[in-house]
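Structure at a glance
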Amino acid sequence: MKTKKHYLSLVVLAGGVGSRFGGNKQIAEIEGLGCTIMELSIADAVTAGVTQVVLVINQAVRNEIEQVILPRLPAGVDVVLVEQRIDLVPEQYQNLVQQREKPWGTGHALLCAKEYIHNPAIVITADDYYGASSFTLLADHFKNSSSWAMVGYPIIDTLSAQGGVNRGVCQVENNQLRDVVEYLNIQIEQGHIMGDNPHGKRERIALDALGSMSFWGITPVLFDALEVGFTEFLQKYDNGVKMEYYLPDQIQHVITSNQQKVTIYTAQESWYGVTYKSELQDVTGKLYELRHG
């Protein structure tokens, strides 16, 4: 059967187990809207021109997604469900499967979608709300460019009143992403954004700094790098199977080795994310207000 051609796809990484949330947060409904965060993102993506959605899920949520969520998605969009399974590793590393409990990480999750992505794609996580304009930014990007891209969010707009947060701070040069540096315990102190750098030193972060909130624009060549990187990951961590294979690390490796350029765009809307169940009500209220005014 001939494969349907798509010009822009959306990959939703929804395979996490939500250990800090205490359940499968990717299927938690927004009170008053009768849908999940990822359904809002899918609707925004389709409006921006996406015609294919690949949902990378875990087995525990398949039934709920098939029976409840899929019937609510926009008509006409091509939806594929892909399970991120622990046993989806090269044959020579099957021995590690017996020791593994958690999924292999976001890099592996995207790799699971490889056979379905033959064109540019936007990659997001299921439990983050990015705003409709971010999808338009990347849809427009791919009309004029074959390079990768990302939408960065002002760090100052992603901080929490509940305490410090961890964020990947973008290092940008000529609108190109050069590096993402992970800072811990970021919060406002005496009018400045302060965070702990990778060496544990507390330092000031620029007020206009952008954070990586996992909103990527990629092309299929990334999958080759992901396959190579995952094999190297398994070789390196064969005695410690709790480590995770992260997507941002692999994109950074491609940038550092000059294999790809990543154009960075500044978000035009706020980002909302849910890590803990206690945050769901607050985010729910903000999204309800955003959608209904």
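A short tour of the structure in this document, coming up. (Residues numbered from 1 in each chain as written. Predicted model: local features only at pLDDT ≥ 70, side-chain atom pairs only at ≥ 80, totals over all residues. Heavy atoms only, no water.)

Further remarks concern the overall build of the protein chain. Scanning the protein chain from N- to C-terminus turns up 7 helices and 15 strands. A compact globule built from 293 residues would reach a C-alpha radius of gyration of about 19 Å, and the protein chain, at 19 Å, matches this within 12%. Along the three orthogonal principal directions, the C-alpha set of the protein chain runs to about 60 × 50 × 40 Å. Long-range pairs, those at least 24 residues apart, make up 70% of the contacts in the protein chain with a sequence separation of at least 6. For the protein chain, the accessible surface area stands at approximately 14700 Å², while carbon and sulfur atoms represent 47% of it. (Helix = DSSP H or I, 4+ residues; strand = E, 2+ residues; numbered from the N terminus. Rg over C-alpha atoms; globule rule 2.2 N^0.38 Å. Contact = heavy atoms within 4.5 Å. Areas by Shrake-Rupley, 256 points an atom, 1.4 Å probe, with all protein chains shown as cover.)

Moving on to the pattern of salt bridges. Pairing between side chains of opposite charge can happen when the charged atoms of each approach one another. For the coordinates displayed, the defined rule picks out 12 salt bridges. Note that Glu29 is salt-bridged to Arg72, the shortest N-O span being 3.0 Å. Here Glu29 is found in strand E2 (residues 29-30), whereas its partner Arg72 is found in the loop between helix H2 (59-69) and strand E5 (78-83), with 43 residues between them in sequence. Its salt-bridge partner being Lys143, residue Asp140 comes within 3.4 Å of it at the nearest N-O pair. Here Asp140 pairs with Lys143, and both are found in helix H4 (residues 132-144), just 3 residues apart, close to one helical turn. (Salt bridge = Lys/Arg side-chain N within 4 Å of Asp/Glu carboxyl O.)

Moving on: helix H5 (residues 221-236). With 16 residues, H5 should reach 22 Å at 1.5 Å per residue; the first-to-last C-alpha distance of 23 Å fits that figure. Taken together, the buried positions of H5 are occupied by Leu222, Phe223, Leu226, Gly229, Phe230, Phe233 and Leu234. An end-on view of H5 places all buried positions within 140 degrees of arc, on one side of the element. Of the surrounding elements, those touching the buried residues of H5 are helix H3 (106-111), strand E8 (148-154), strand E13 (210-218) and helix H6 (247-256). (Expected span 1.5 Å × (residues − 1). Buried < 20%, exposed > 50% of the residue type's maximum accessible area, 1.4 Å probe, protein only. Arc of directions from axis to C-beta.)

Across the interface, helix H1 (residues 37-48) lies against H4 with an axial gap of 8 Å and an inter-helix angle of 40 degrees. Relative to H4, the element H1 lies oblique. The crossing of H1 and H4 is right-handed. Residues Ser41, Asp44, Ala45 and Ala48 of H1 pack against Ala132, Phe135, Thr136 and Ala139 of H4. For the contact of H1 with H4, the residue count by class is 5 nonpolar, 2 polar and 1 charged. (Axes fitted to C-alpha atoms, helices over the stretch in contact; angles between N-to-C directions. Parallel < 35°, antiparallel > 145°, perpendicular 65-115°, else oblique. Left-handed = near helix turned anticlockwise from the far one by under 90°. Nonpolar A, V, L, I, M, F, W, Y, C, P; charged D, E, K, R; others polar.)

Attention now moves to the pairing of E13. Counted residue by residue, E13 has 8 buried out of 9 residues, so it is predominantly covered. Bridge count for strand E6 (residues 121-125) against E13 is 3 bridges, and the pairing is antiparallel. Across the sheet, residue Val123 finds its bridge partner in E13, namely Trp216. Here strand E9 (residues 165-173) pairs with E13 via 2 bridges, running antiparallel. Bridge assignment links Gly168 to a residue of E13, and that residue is Ser212. (Pairing = 2+ DSSP bridges.)

Counting residues in hydrophobic clusters, the biggest one holds 39 residues, and the most contacted among them are Val11, Leu110 and Trp216. Counting residues per element, this core draws most heavily on H5, which supplies 6 residues. Apart from the residues within four sequence positions on either side, Leu110 is in contact with Val11, Leu13, Val123, Leu222, Phe223, Leu226 and Leu247. In this structure, Leu10, Val12, Ala48 and Val151 belong to the second largest nonpolar core, which totals 34 residues. (Core = buried A, V, L, I, M, F, W, Y, C linked by side-chain atoms within 4.5 Å.)

This part covers the packing of aromatic side chains. Applying the stated criterion across every chain, the model contains 9 aromatic pairs. Judged by centre distance (6.2 Å) and plane angle (50 degrees), the rings of Tyr130 and Tyr153 are tilted. Residue Tyr130 is located in the loop between strand E7 (128-129) and H4, and its partner Tyr153 is located in strand E8; the two are separated by 23 residues in the primary sequence. Ring geometry for Phe230 and Tyr245: centres 5.2 Å apart, planes at 50 degrees, overall tilted. Of this pair, Phe230 sits in helix H5 while Tyr245 sits in the loop between H5 and H6; the two residues are 15 residues apart in sequence, bridging distant segments of the chain. Linked through ring pairs, Trp104, Phe230, Phe233 and Tyr245 together constitute an aromatic cluster. (Phe/Tyr/Trp six-rings, centres within 6.5 Å; stacked < 30°, edge-to-face > 60°.)

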